[in-house]
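Here's the letter readout for the chains.
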Amino acid sequence: MIKLAKNFVVGTWSLIKGLAVTIKYFFRPTVTLQYPTEKQPMSECYRGLVGLRPEKCIVCYQCVKICPTACLAITHKQEDKKKTLETFKYNMELCCFCGLCQQVCPTSAIIMTNIYEISVYDRKKLDINLLDMKKYDEWTNTTIK
Ligand code: SF4
Ligand code: SF4
């Protein structure tokens, strides 16, 4: 009988302690987000997918040379002394998001975007044409409504 009473007191006290913690946090401001419908804005220095401002590119190949994983590839055409971009491929599968291409670019043509939801079902989508203006539409509109 004494043991039963003791168990009852200990159990009730434990329940009260648990509820006290629940009530304490229930009235505090929410710190979590309902991902993926709500998303945390990324900081400005976040290194997501590589992006390109083609109009700024002077086709110097610095980004291609510095890339440690060889995931950038450029072709260009030359008219007189002017070089024009023909293709600018980015194999995202190989990218380690080191940001070296952005650091070395003399005109800030290549940038690290803040896109981080980069899962795909089709592997071919990892081979990205950086000259395609709609290249990241799929990844920038991934919010599930
Ligand atoms: S972030 Fe690094 S690995 Fe990715 S393309 Fe730029 S240099 Fe290459
Ligand atoms: S380093 Fe910059 S300017 Fe040079 S080829 Fe790459 S993106 Fe273009």
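Residue numbers run consecutively from 1 along every chain, following the written order of its sequence. Key to labels: chains lettered from A, ligands numbered from 1, both in the order written. The predicted nature of this model means local features are confined to residues of pLDDT at least 70 and side-chain atom pairs, given and counted, to a pLDDT of 80 or more, with totals for whole chains, interfaces and linings taken over all residues. Side-chain metrics in this entry use all non-hydrogen atoms of the structure; hydrogen atoms and water are not considered.

Enquirer: Describe the site of ligand 1, and please don't skip the residues or the numbers.
Expert: In the region of ligand 1, 13 residues are neighbours, and C67, C95, C98, G99 and C101 sit closest. Here the residues of the shell around ligand 1 sort into eleven nonpolar, two polar and no charged. For this purpose, a residue is taken to be near a molecule or strand whenever a single non-hydrogen atom of the residue falls within 4 Å of it. Polarity classes work like this: nonpolar for Ala, Val, Leu, Ile, Met, Phe, Trp, Tyr, Cys and Pro, charged for Asp, Glu, Lys and Arg, and polar for all others, with Gly in that last group.

Enquirer: Please set out the pattern of salt bridges residue by residue, giving values where relevant.
Expert: For salt bridges, the criterion is a side-chain nitrogen of Lys or Arg within 4 Å of an Asp or Glu carboxyl oxygen. All told, the structure shown has two salt bridges when counted by the stated rule. Close ionic contact of K39 with E117 constitutes a salt bridge, the shortest N to O distance being 2.9 Å. With K39 in the loop between α1 (2–26) and β1 (50–52) and E117 in the loop between β4 (110–112) and β5 (127–129), this pair connects stretches of sequence that are 78 residues apart. What makes E117 buried here is its relative accessible area of 16%. Among the salt bridges present, the one from R123 reaches E93, with a minimum N-O distance of 2.5 Å. One end of the pair, R123, is in the loop between β4 and β5; the other, E93, is in the loop between β3 (82–91) and α3 (100–104), and 30 residues separate them in sequence. Throughout, exposure labels follow a simple rule: accessible area from a 1.4 Å probe, protein chains only, divided by the maximum for the residue type, with under 20% read as buried, over 50% as exposed, and the rest as partly exposed. Its relative accessible area of 61% is what places R123 among the exposed residues. Take E93: its relative accessible area is 38%, and that puts it in the partly exposed class. Labels follow the DSSP assignment, with helices taken as runs of H or I lasting at least four residues and strands as runs of E lasting at least two, numbered in each case from the N terminus.

Enquirer: Lay out the packing of aromatic side chains in plain terms, naming residues and giving numbers.
Expert: Only Phe, Tyr and Trp rings take part, Trp by its six-membered ring, and two of them pair if their centres are within 6.5 Å. Stacked means planes under 30 degrees apart, edge-to-face means over 60, and tilted covers everything else. In the structure shown here, the tally under the stated rule is two aromatic pairs. Where Y46 meets Y116, the ring centres are 6.3 Å apart and the plane angle is 80°; that geometry is what we call edge-to-face. Of this pair, Y46 sits in the loop between α1 and β1 while Y116 sits in the loop between β4 and β5, placing them 70 residues apart in sequence. Counted as over-ring charges are cases with an Arg CZ or a Lys NZ within 6 Å of the ring centre that also lie within 35 degrees of the ring normal. The residue whose ring lies beneath K135 is Y136, and the NZ or CZ to ring-centre distance is 5.4 Å.

Enquirer: Quick one: what's the story with the state of the cysteines, residue by residue and with numbers?
Expert: Two cysteine sulfur atoms make up a disulfide if the distance between them is within 2.5 Å. The full count for this structure, using the stated rule, is zero disulfides. Free of any disulfide, C71 has its nearest neighbouring cysteine sulfur in C67, separated by 3.5 Å.

Enquirer: Got a sec to walk through the site of ligand 2? Specific residues and values, please.
Expert: For ligand 2, the set of nearby residues contains 15 residues, the closest of which are C57, C60, Y61, C63 and C105. For the shell around ligand 2, a count of residues per class yields 13 nonpolar, two polar and no charged.

Enquirer: I'd like a description of the environment of V64, backed by residues and values.
Expert: One can find V64 in helix α2 (residues 62–66). Between the alpha carbons of V64 and K135 there is a distance of 20 Å; along the sequence they are 71 residues apart. With residues near it in sequence (within four places) discarded, V64 still touches L72 and I74. The criterion used for residue contact is that any of the two residues' heavy atoms lie within 4.5 Å.

Enquirer: Describe the side chain of T113, and please don't skip the residues or the numbers.
Expert: In this fold, T113 is placed in the loop between β4 and β5. A polar atom in the side chain of T113 sits 3.4 Å from the backbone nitrogen of I115. Leaving out residues up to four positions away in the same chain, T113 has contacts with Y46, R47, G48, L49, V50 and G51. Here a polar contact means two N or O atoms within 3.5 Å. Within protein one must be a hydrogen donor candidate and the other an acceptor candidate, and residues neighboring in sequence count only if both atoms are side-chain atoms.

Enquirer: So what's going on with a nonpolar patch on the surface? Residues and values would help.
Expert: On the surface, L15, L19, I23, F26 and F27 cluster together to form a nonpolar patch covering roughly 610 Å² of accessible area. Position of L19 among the secondary structure elements: in helix α1. Like charges are joined within 9 Å and nonpolar side chains (Val, Leu, Ile, Met, Phe, Trp, Tyr) within 5 Å, but only among residues with over 30% relative accessible area and no salt bridge; these make up the patches. Residue exposure ignores everything except the shown protein chains as possible cover, and the areas themselves are Shrake-Rupley values with a 1.4 Å probe.

Enquirer: I'd like to hear about the pairing of β3, residue by residue, with values.
Expert: Where strand β2 (residues 72–79) and β3 come together, eight bridges link them in antiparallel fashion. Within β3, the residue paired with K77 across the bridge is T84. Two strands are said to pair when DSSP picks up at least two bridges between them. Between β2 and β3, which pair antiparallel and follow one another directly, the connecting turn spans two residues, one of which, D80, has a positive phi of 55°.

Everything listed is a geometric property; what it means functionally is a separate question.
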